Amino acid sequence: MISLRYDHGVSRPDSETADQVRAHDDVLGYLLKHAHRALEQRAEAALAGMGLTVRDLGVLRVIAGGEARSQQEVAAVLGIDPTSMVALLDALEHRGIIARRPSERDRRRNVVELTAHGRDVFRRAEDHYAQAEKAFTSSLGDAGAAGLRRALRSVLDNAEDEIT
């Protein structure tokens, strides 16, 4: 049990409690959140010259990889609100990066595809992102970065197994 003492209206842990409190940079959630934020800032800067965001690239990656064909499927894969997805796709379509057409199987659905220009934009954006990611993990070396990916995949796979 953590006990607090009050000193001029400010709570402070007593000496026994202070020994039980983990440093914020020893908490996995803190580390993951701040590592993600730092990587995202690097990636956003790397993509800014192309007029893309990390979110845009995520959409392009899902479409290019064939993980989803319809705008509803893209939204589901990325966990993006369908209304936000429409706005993202509208902007990408306006720039000639993606094209939407009615599905042949279900006219209520729009199939989303990269245009030829979109494939070129995607390849260049992936290169910029990969360079930002490599710089971010440079202190780990190639083997360490690969190990980090494996470890995170394992943690995520285990978490998904526990949820389902």
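Preceding this paragraph is the structure being described.
Residues numbered from 1 in each chain as written. Predicted model: local features only at pLDDT ≥ 70, side-chain atom pairs only at ≥ 80, totals over all residues. Heavy atoms only, no water.

Colleague: What's the story with the packing of aromatic side chains in this structure? I'm lost.
Modeller: Two numbers describe a pair of aromatic rings. These are the distance of the centres and the angle of the planes. Taken as a whole and assessed by the stated rule, the structure comprises 0 aromatic pairs. We note R61 situated over the ring of Y129; from NZ or CZ to the ring centre the distance is 5.2 Å. (Phe/Tyr/Trp six-rings, centres within 6.5 Å; stacked < 30°, edge-to-face > 60°. Lys NZ or Arg CZ within 6 Å of the ring centre and 35° of its normal.)

Colleague: Sorry, what's going on with the pattern of salt bridges here?
Modeller: Between side chains of opposite charge, a pair can form as their charged atoms come close. Scanning the model with the defined rule gives 8 salt bridges in all. One salt bridge in this structure joins E113 and R69, with 3.5 Å as the shortest N-O distance. Of this pair, E113 sits in strand β4 (residues 110–114) while R69 sits in the loop between α3 (54–64) and α4 (71–78); the two residues are 44 residues apart in sequence, bridging distant segments of the chain. For E113, the salt bridge is made with R101, and the minimal N-O distance between the two is 3.1 Å. Remark: R101 occurs in strand β3 (residues 98–102) and E113 occurs in strand β4; sequence separation between them is 12 residues. A relative accessible area of 27% means that E113 is categorised as partly exposed. Taking the relative accessible area as the measure of exposure, R101 reaches 30% and is therefore partly exposed. (Salt bridge = Lys/Arg side-chain N within 4 Å of Asp/Glu carboxyl O. Helix = DSSP H or I, 4+ residues; strand = E, 2+ residues; numbered from the N terminus. Buried < 20%, exposed > 50% of the residue type's maximum accessible area, 1.4 Å probe, protein only.)

Colleague: Just checking my understanding: could you explain the layout of surface pockets for this structure?
Modeller: Rolled over the atoms, a probe with the dimensions of a water molecule shows which regions are left empty. Computed from the structure, the largest pocket encloses a volume of approximately 1,100 Å³. Where the lining of the largest pocket is concerned, the elements lending two or more residues are α2 (28–48), α3, α6 (116–136) and α7 (141–163). Here the lining of the largest pocket takes 7 residues from α2, the largest share from any one element. Looking at the lining of the largest pocket residue by residue, the class counts come to 14 nonpolar, 4 polar and 4 charged. The computed volume of the second largest pocket comes to approximately 220 Å³. R69, S70, E73, R101, S103, E104, R105, R109 and V111 are the residues that line the second largest pocket. Here the residues of the lining of the second largest pocket are counted per class, giving 1 nonpolar, 2 polar and 6 charged. (1 Å grid on protein atoms, 1.4 Å probe; cavity = no way out; pocket = protein on both sides within 12 Å on 5 of 7 lines; lining within 4 Å. Points joined across faces, edges and corners; volume = space filled by probe spheres on them. Nonpolar A, V, L, I, M, F, W, Y, C, P; charged D, E, K, R; others polar.)

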